Amino acid sequence: MPTTHHFVGQLVEADCTPLDGIHQLSVRLIDDDGTSHIAYMVHGRGADAARRSEQAFSALQIGQRYHGSATLKRVGEPHTYHFGSVALAADRRRARYEPAQGWMAAA
């Protein structure tokens, strides 16, 4: 059974340029510790793959936090690379270093 690797960070770059006819989406996230994570999502060839890649790209927002998971991970310098079966979704949790708001800010 493959191991799933998780990563969370703020989206700083996204690209969906086809490479040799293969439609792909690559994103770069920076986590709370400053580590750079690059994830590659390959959609395949053809019009359907191009549509899926464009839809995923247009749904992303630079500056928003995302949670990702991937079946393959390679730790490199200066980036950690994620590929294989990759999923990416908006992070619903509060950032670890986000300042407190509301009644907690007054304490």
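Trainee: Please explain the environment of A39 as it appears in this structure.
Mentor: With respect to the helices and strands, the residue A39 is situated in strand 3 (residues 36–44). The spatial distance from the C-alpha of A39 to the C-alpha of A70 is 8.1 Å, given a sequence separation of 31 residues. If sequence neighbours within four positions are ignored, A39 has contacts with F7, L25, S26, V27, H82 and V86.

Trainee: Would you mind going over the sheet that holds strand 3 with me for this structure?
Mentor: Within a sheet, neighbouring strands are paired by backbone hydrogen bonds and run either parallel or antiparallel to one another. The mixed open sheet is built from seven strands, whose spatial order is 5-6-3-2-1-4-7. This sheet does not close on itself; its edge strands, each paired only once, are strand 5 (72–75) and strand 7 (87–90). Strand-to-strand twist in this sheet, taken as the mean axis angle between neighbours without regard to direction, amounts to 35 degrees. Where strand 2 (residues 23–30) lies against strand 3, eight bridges are found, and the strand directions are antiparallel. Within the sheet, the bridge partner assigned to S26 lies in strand 3 and is Y40. This element, helix 1 (residues 47–59), spans strand 1 (5–15), strand 2, strand 3 and strand 4 (65–70) of the sheet and lies at about 20 degrees to strand 2.

Trainee: What's the story with the pairing of strand 5 in this structure? I'm lost.
Mentor: Regular strands place side chains that alternate from one sheet face to the opposite one. Note that strand 5 and strand 6 (residues 79–83) share four bridges and pair antiparallel. Looking at strand 6, one finds that R74 is bridged to Y81. Remark: three residues form the turn of the hairpin made by strand 5 and strand 6, two consecutive strands paired antiparallel.

Reading the values: the criteria
- Residues numbered from 1 in each chain as written.
- Predicted model: local features only at pLDDT ≥ 70, side-chain atom pairs only at ≥ 80, totals over all residues.
- Heavy atoms only, no water.
- Helix = DSSP H or I, 4+ residues; strand = E, 2+ residues; numbered from the N terminus.
- Contact = heavy atoms within 4.5 Å.
- Pairing = 2+ DSSP bridges.
- Axes fitted to C-alpha atoms, helices over the stretch in contact; angles between N-to-C directions.

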